[in-house]
Amino acid sequence: MRTDTGEIIHLEDYRPTDFVLERVDLTFELDPTETKVEARLIFHRREGVGEDRPLVLDGDELKMTGLLLDQEEIPAANYEAAERTLTIGNLPASAPFEVTITTEINPEANTKLMGLYRTSNIYCTQCEAEGFRRITYFPDRPDVLAVYTVNIIADKETAPLLLSNGNYLGGAGMGDGRHFAAWFDPHPKPSYLFALVAGDLGVVEDTFTTMSGRDVTLKIYVEHGKEPRAAYAMDALKRSMKWDEERFGREYDLDIFMIVAVSDFNMGAMENKGLNVFNDKYVLADPETATDADYANIEAIIAHEYFHNWTGNRITCRDWFQLCLKEGLTVYRDHEFSADQRSRTVKRIAEVRHLKAEQFPEDAGPLAHPVRPTKYREINNFYTTTVYEKGSEVTRMIATLLGADLFKAGMDLYFDRHDGQAVTIEDFVACFAEVSKRDLTQFSLWYHQAGTPLVSASTAYDATKQTFTLSLEQMVPPTPGQSAKDPMHIPLRFGLLLEDGSEAPVSSATGAEITDDVLHLVERSQTVVFNGIPSRPVLSLNRGFSAPVNLHFEQTPADRAHIAKHESDLFARWQALNDLALPNLVEAAASARAGKPAQCDAALTEALLAAAADGTLEPAFRAQALALPSEADIAREIGSNNDPNAIHTGRQQIMTAIAQAGREIFTKLADELADIGPFSPDAASAGRRALRNTALSYLVYAENVPDRATAAFKAANNMTDLSQALTILAHRFPASAQAQEALATFKARFADNALVIDKWFTIQATIPGPEALERVKALMDDPLFNGSNPNRVRSLIGTFAFSNPTGFNRADGEGYRFLARQILDIDPRNPQLAARILTSMRSWRSLEEIRANHARDALRDVAAGARLSPDVSDIVERMLKG
């Protein structure tokens, strides 16, 4: 199954391999430019496969120096080594046989960061999805599972540390300045979970006692001198292990669990069995250098990769079309972990903000695809928010449909039935259907149909009959390759709020299945009649975002304010405030485009300030409530013919109006929430900082001078407060002496800390306005900019394209042309990085005509580039075609 030749791979073409792989023995003789790899692979022919069928193995940019069959050299007539495959014929009909392949690779020249590469004197692997074929010829697909023994030989001085998957067997010196280490992983795994790390690193060690009483050694490897900054990651790991035992009954299965943090990494992290490799930004933290968001991300991603041990490793995917089976499910698990560790409501708000900002545009654009695709050209391009975040939402909806007990029973059955297997979405869903006795065929359309469903709602109340009527319609818009859609099974949590804020009990209703507070929308249109409702209620629909849908429901500002004040579901309160704000912001953008001042709705201001002043609400929730919908949210709500400058101007005017009206409240919050003790990354302390910094931002809007932000910058004793104050200064007063001095101070203080300097680049890349492009170009010439480091490229170029609507979407099109040149420059070195940054242009058709034409021309420039990688050509072709 190839992807890098331009061939389209189809789900319907899946078939098992002709040969079964029984065992893998690997020996690495590490060298920066001439690493020797010997792979001894034991196969047998699958029952029913003809004797004339050859063994076909995958390869990529390999130099083969040896090929043996049962320790005898294979005659040249019996094999063919092509650019991407190794084909071996005349193999035994039924008996097991051993193929030994020797290859030579150059880790130092591997800028793609796939396979085995060397960065900062550390040897490291990244094999998901198809990186193992860059190490040796192999049946490189996820349904090929085998046990691995790995021997690593390297120079002892430069690589005293030799790590791989599984349990450590032993090691010794070799007398020539080299040494070796041997590892054995008893759990059969696919090649994408293979890992090797070698080099000189510091380590933080701990132990964890499992629920059965076994002691597991825990080690986190980081660059020397950075060990103290790995303490929070270790704490998060131990909490993750404990939570997975308590919530899902899953115990760790090896003697050791290791994490290695590296600075050059395309992904966030990788769940290799027993040896996770992490982008160091998701491991290293201390109060001086990490924000509260950094701590939360470390906690979540440490948990995510650990949880993969069962949902991804012990049970893996049959093929890459089933990617959501490991990623969507594991995202759901890490979301639940974070919700239990922090504030469930605030976590849910953050999840939905991310989903709407990233996945909804993907579902509405040329890159839309089902949660389980049916075809792909380049699998690396399907590590998307649809697979991860929407995949998580589908799992969440299963839990909503079944309830906690049956969902747990279904997960238990899944673990018991499929441990050690490579499985499909159908296998997963069948477990829940079996324990619940519910037909989930219609529900499974969530895996198969792309697009975000639109649910339209209208209501009527009959005081004489005391009936409340809810009319619902659903529609899934057409997406590339799917013009006609079937009705979905949409679980909508709801509540009927009476005038006094109490909730009307639902004892009698017709027209839909209702279980507890979940209404099941299964037809294109349904009318539900609730009986015995004593007065006109206010409907709160899709509580907790129980279904990832767009909801069209014309509610009055008074009804939305009622929900914001009285709902027991705090997420619904936040959603009501958001629903109050969005129409006002859309009107403000229209006014700005017409050259008129925006008017801030009094109901919006009153509701937001009431939430801000409500001391019964946790600070983190109040901070979320006060965070207006983003410029991207407003653009999505408008839908088409967007003018980013007008959206920005209108939002700024609404923000200023709220700030001026609430100046007294915001001043009080800023004063009351000042930190008086030592920094703590716990959720409550982070929430207080979030609310104080939100109040600071509003106050700067109200005062329109840099003094308060400058004072906050100078007084900050942690990175959260420091970076927020710097952001306010740089974004609100970019040309001021105060902002320039603060940026220079920040750079000088943290010049030797790469992760913090990434923040410095990001803050400047997101300064709004047409001058942003020249600023970004100048920053690319800064000595601290490193174009070969993915984190640094993302922090400047990626952030500019994704997160600076006015700067990137310049009316003259220069932002798009700049990005096109950067993509063509990055692509030969790192195709994955180039392709992911290019997706920043996925919504180009929603722009007004002049900008859209410039964007299309820039995409055509990319498409015309010489020798494009499959990663980039796949993305650009779909964006131009869709």
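Details of the structure are given in the entry above.
This report concerns the structure included in the present document. (Residues numbered from 1 in each chain as written. Predicted model: local features only at pLDDT ≥ 70, side-chain atom pairs only at ≥ 80, totals over all residues. Heavy atoms only, no water.)

## Concerning the overall build of the chain
Looking only at helices and strands, the chain features 27 helices and 33 strands. Compactness check: the chain gives a C-alpha radius of gyration of 28 Å against a globular reference of 29 Å for 882 residues, within 12% of the reference. For the chain, the C-alpha atoms occupy an extent of roughly 90 × 65 × 60 Å along the three principal directions. Each of the 882 residues in the chain was classed as buried or not, and the buried ones make up 59%. Taking the intrachain contacts of the chain between residues at least 6 apart in sequence as the baseline, contacts between residues at least 24 apart amount to 71%. Here the chain displays about 33,000 Å² of accessible surface, and carbon together with sulfur accounts for 49% of that area. Charged side chains in the chain number 90 positive and 125 negative. The centres of these two groups are separated by 3 Å. (Helix = DSSP H or I, 4+ residues; strand = E, 2+ residues; numbered from the N terminus. Rg over C-alpha atoms; globule rule 2.2 N^0.38 Å. Buried < 20%, exposed > 50% of the residue type's maximum accessible area, 1.4 Å probe, protein only. Contact = heavy atoms within 4.5 Å. Areas by Shrake-Rupley, 256 points an atom, 1.4 Å probe, with all protein chains shown as cover. Lys, Arg positive; Asp, Glu negative; His and termini not counted. Charge placed at Lys NZ, Arg CZ, Asp CG, Glu CD.)

## Focus on the nonpolar core
Ranked by size, the top nonpolar core spans 165 residues in total, and within it Phe28, Phe194, Val283, Tyr414 and Phe428 carry the most contacts. When residues in this core are grouped by element, the largest group, eight residues, is from helix H1 (residues 231-248). Sequence-distant contacts of Val283, that is, excluding residues within four places in its chain, are made with Ile220, Val222, Arg229, Ala230, Ala233, Ile259, Ala261, Phe278 and Ile298. If you look at the next biggest cluster of nonpolar residues, it comprises 61 residues, including Leu367, Leu696, Leu847 and Val862. (Core = buried A, V, L, I, M, F, W, Y, C linked by side-chain atoms within 4.5 Å.)

## Here we look at the packing of helix H6 (residues 404-418) against helix H7 (residues 425-436)
Remark: H6 packs on H7, axes separated minimally by 8 Å, with the N-to-C direction vectors making an angle of 130°. As the angle between them shows, H6 and H7 are arranged oblique. In this structure, the crossing between H6 and H7 has a hand that is right-handed. In contact with Leu406, Phe407, Ala409, Gly410, Met411, Leu413, Tyr414, Arg417 and His418 of H6, H7 contributes Asp427, Phe428, Cys431, Phe432, Glu434, Val435 and Ser436. Residues that form the contact of H6 with H7 fall into these classes: 10 nonpolar, three polar and three charged. (Axes fitted to C-alpha atoms, helices over the stretch in contact; angles between N-to-C directions. Parallel < 35°, antiparallel > 145°, perpendicular 65-115°, else oblique. Left-handed = near helix turned anticlockwise from the far one by under 90°. Nonpolar A, V, L, I, M, F, W, Y, C, P; charged D, E, K, R; others polar.)

## Quick word on the sheet that holds strand E28 (residues 509-510)
Spatial ordering of the open sheet is given by E28-E31-E26-E25-E33, a layout of five strands whose pairing is mixed. The open sheet has two free edges, formed respectively by E28 and strand E33 (550-553), since each of these has just one partner strand. Here strand E26 (residues 467-475) runs beside strand E31 (residues 525-531); their pairing, made up of seven bridges, is antiparallel. Looking at the pairing, Thr469 lines up with Val529 of E31. (Pairing = 2+ DSSP bridges.)

## Things to note about the pattern of salt bridges
Throughout the structure, instances matching the rule amount to 74 salt bridges. Between Lys36 and Glu29 there is a salt bridge, and its shortest N-O distance comes to 4.0 Å. Judged by relative accessible area, Glu29 falls into the partly exposed class, the value being 28%. A salt bridge links Glu246 to Lys242, with the nearest nitrogen and oxygen atoms 3.8 Å apart. Separated by four residues within a single helix, Glu246 and Lys242 lie in helix H1, roughly one turn from each other. For Glu246, a relative accessible area of 59% translates into the label exposed. Given the relative accessible area of 40%, Lys242 is considered partly exposed. Among the ionic contacts, a cluster of salt bridges with common partners joins Arg247, Glu336, Asp340, Arg344, Arg348, Glu351, Glu393 and Arg396. (Salt bridge = Lys/Arg side-chain N within 4 Å of Asp/Glu carboxyl O.)

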